[in-house]
Amino acid sequence: MARSRLAVVAVMLLVVVSTGGVAASAPAQTVAPTERQGLQNDTASLGPGQSAALQAENCSFPVEVTDATGETVTIEEEPDRVVALGASVAQTMWAIDAEETVVGLPTGYTTAYLNGSQNRTNVLGANMNPIVENIVDLEPDVVLAANIIDEDDVETLRDNGFTVVHFEEASSITDVADKTRLTGQLVGACEGAATVADAMNATVEEVRASATDGENPTVYYAMGGGWTAGPDTFIGDVIATAGGDNVAAAADIRTYGEISEEVITNEQPDWIVVPEGRELPKSPAINATTAVRNDQIVRVNANFISQPGPRVTEPLQELSAAFNPDGASATQTVTETERDAVTTESDGGATDAPTTEAPTTDSGSGFGPGFGPVAALLALLASGLLARRR
């Protein structure tokens, strides 16, 4: 458990170092409800309108869930003040039209695309530790914590008297859609959550249908620092759903890990996927790939591909269009609405789709931006977390 969480946190520090912002909360998040699981099962076979109506009808309090810590958490009444302790949690709250209740979230590059996010209080430090003093001052009714938040930090918040729901790790887009529904149940926004989740699932089905018409190109996801995402992650599921064969599997990387140049040379990926704001790795092995020789490089929004939230359908559709140009899905992304308008208040005028160059400000970790200090950063992280576990 500790080793798995260490690997995930190490991956997230790559996001901190390369974007200069608070780490995105990936990969991550669903909660298993103890009394309301039947609702999700019932809605699976319904149409979008029917599903949303049924979930809205069953949206009531108190809500009782068993979260990732094994704790049974009860939310007695619909919360008026919510802390979104993770960028993906904030993304979900905005998507389901529940942003007005959010009083705290990770501010900065990872949430700048959310209109009005800069007006909230920052609750997450550069090392993904909750800023407890800020959360105490906000007096939230409930704290929704991304899976990347350490269990010790969750317990600290509970010791301070807060109701905290710690989401479980998501390994697929379906998990993300389920987490979206559950978030709606937890905050009383069931209809909006059901509408978004239904639209996500519809997009997934359409993309899958288009992927069956073509070949399965090999794909390398270059997340930075030599790391990649394997098939058992929600990022891996995005690649597979779009019709790609993830070369990480050839390296026995199931979740997140460093991939060798030997594997890249042997697998000769047809496509390389790179988060925006990061440089394409330069090496003889990379330069010799089919992807580079044929200029088959796809750049996707770094936030949307790394945050397990509803906007993950955007890079999904982009990859589908690249891998299956003759049959790509034309479904509109579910979160492209008028309320997600251009944001010009901070981060250099960040918009709904952040610019390709990430901010170059220091993340507050003691290291500058870029990938040079990654090894040192991971070593410091490992020693710090392992010390906490002893």
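J.: It is not clear to me how the packing of aromatic side chains should be interpreted in this structure. Could you clarify?
T.: Ring pairs (aromatic) are described by centroid distance and by the angle formed between their planes. In total, this model carries 2 aromatic pairs according to the counting rule given. Ring centres 5.8 Å apart and planes at 55° place the aromatic pair W271 and F323 in the tilted group. Of the two residues, W271 is situated in strand β13 (residues 271-275) and F323 in helix α14 (residues 313-323); the sequence distance between them amounts to 52 residues. Here the two residues W271 and F323 agree in accessibility, since each one is buried. Here the guanidinium or amino end of K179 rests over the ring plane of F167, the centre of that ring lying 5.8 Å away.

J.: Any chance you could explain helix α8 (residues 190-211) here in plain terms?
T.: A turn of α-helix holds 3.6 residues, and therefore any two residues three or four places apart point the same way. Between its first and last C-alpha atoms α8 spans 31 Å; for 22 residues at 1.5 Å apiece the expected length is 32 Å, and the two agree. Every buried residue belonging to α8 is among C190, A193, A194, V196, A197, D198, M200, T203, V204, V207, S210 and A211, and all of these are buried.

J.: Please clarify how the sheet that holds strand β4 (residues 82-85) should be interpreted in this entry.
T.: Strand order in the open sheet formed by 5 strands is β6-β5-β4-β7-β8, with parallel pairing between adjacent strands. At either end of the open sheet lies a strand with only one pairing partner, and these are β6 (121-122) and β8 (164-166). The pairing of strand β7 (residues 142-145) with β8 spans 3 bridges and is parallel. Directly across from A145, in β8, lies its bridge partner H166. Sitting on the sheet, helix α6 (residues 151-159) is in contact with β4, β7 and β8, with an inclination near 165° to β8.

J.: I'm lost on the sheet that holds strand β14 (residues 297-300) in this one. Help?
T.: Within a sheet, each strand pairs with its neighbour through backbone hydrogen bonds, oriented either parallel or antiparallel. Read across the open sheet, the 4 strands follow the order β11-β9-β13-β14; overall the sheet is parallel. One side of each edge strand has no neighbouring strand; the edge strands of this open sheet are β11 (245-246) and β14. Relative to β14, β13 runs parallel, the two being bridged by 4 bridges. For V273, the partnering residue across the bridge sits in β14 and is V298. Against the sheet, α14 touches β9 (218-221), β13 and β14, its axis set at about 165° to β14.

J.: Whenever I open this one, the confidence of the model for the chain confuses me. Can you help?
T.: Regions with low pLDDT should not have their predicted coordinates read in detail. Per-chain confidence: the chain averages 78 in pLDDT, with 68% of residues scoring 70 or above. Segment residues 1-6 is flagged for pLDDT under 50; beyond a separation of four residues in sequence, or across chains, it makes 13 contacts in the model.

J.: How should the environment of V142 be read in this particular structure?
T.: Within the secondary structure layout, V142 lies in strand β7. For the pair V142 and L186, spaced 44 residues apart in the sequence, the C-alpha separation amounts to 8.9 Å. If near-sequence neighbours (up to four positions away) are discounted, V142 is found in contact with I75, P79, R81, V82, V83, T163 and V165.

J.: What is the right way to read the nonpolar core from this model?
T.: Across soluble globular proteins, nonpolar side chains show a tendency to be buried alongside one another. Counting residues in hydrophobic clusters, the biggest one holds 74 residues, and the most contacted among them are L85, M93, L144, V165, L186, V187 and L319. Of all the elements, α8 adds the most residues to this core, at 6 residues. The next biggest cluster of nonpolar side chains, apart from the first, holds 13 residues, and it includes A222, V247, A248 and V263.

J.: Any chance you could explain a negative patch on the surface here in plain terms?
T.: Where like charges cluster on the molecular surface, the negative patch consists of E76, E77, E78, D80 and D141. Here E78 is to be found in the loop between β3 (72-75) and β4.

J.: Teacher, can you tell me more about the pattern of salt bridges here?
T.: Side-chain pairs of opposite charge can arise where the charged atoms are in close proximity. By the definition in use, this model includes 7 salt bridges. A salt bridge links D67 to R158; its shortest N-O distance comes to 2.6 Å. On the criterion of sequence distance, the pair formed by D67 in the loop between β2 (63-66) and β3 and R158 in helix α6 is long-range, its members being 91 residues apart. We note that D67, like R158, is buried. Put simply, R254 and D232 hold a salt bridge, and the shortest N to O gap is 3.2 Å. Of this pair, R254 sits in the loop between β11 and β12 (256-258) while D232 sits in the loop between β10 (227-229) and α9 (234-241); the two residues are 22 residues apart in sequence, bridging distant segments of the chain.

Reading the values: the criteria
Residues numbered from 1 in each chain as written. Predicted model: local features only at pLDDT ≥ 70, side-chain atom pairs only at ≥ 80, totals over all residues. Heavy atoms only, no water. Phe/Tyr/Trp six-rings, centres within 6.5 Å; stacked < 30°, edge-to-face > 60°. Helix = DSSP H or I, 4+ residues; strand = E, 2+ residues; numbered from the N terminus. Buried < 20%, exposed > 50% of the residue type's maximum accessible area, 1.4 Å probe, protein only. Lys NZ or Arg CZ within 6 Å of the ring centre and 35° of its normal. Expected span 1.5 Å × (residues − 1). Pairing = 2+ DSSP bridges. Contact = heavy atoms within 4.5 Å. Axes fitted to C-alpha atoms, helices over the stretch in contact; angles between N-to-C directions. pLDDT = per-residue confidence, 0-100. Core = buried A, V, L, I, M, F, W, Y, C linked by side-chain atoms within 4.5 Å. Patch = residues over 30% accessible without salt bridge, like charges linked within 9 Å, V, L, I, M, F, W, Y side chains within 5 Å. Areas by Shrake-Rupley, 256 points an atom, 1.4 Å probe, with all protein chains shown as cover. Salt bridge = Lys/Arg side-chain N within 4 Å of Asp/Glu carboxyl O. Lys, Arg positive; Asp, Glu negative; His and termini not counted. Charge placed at Lys NZ, Arg CZ, Asp CG, Glu CD.

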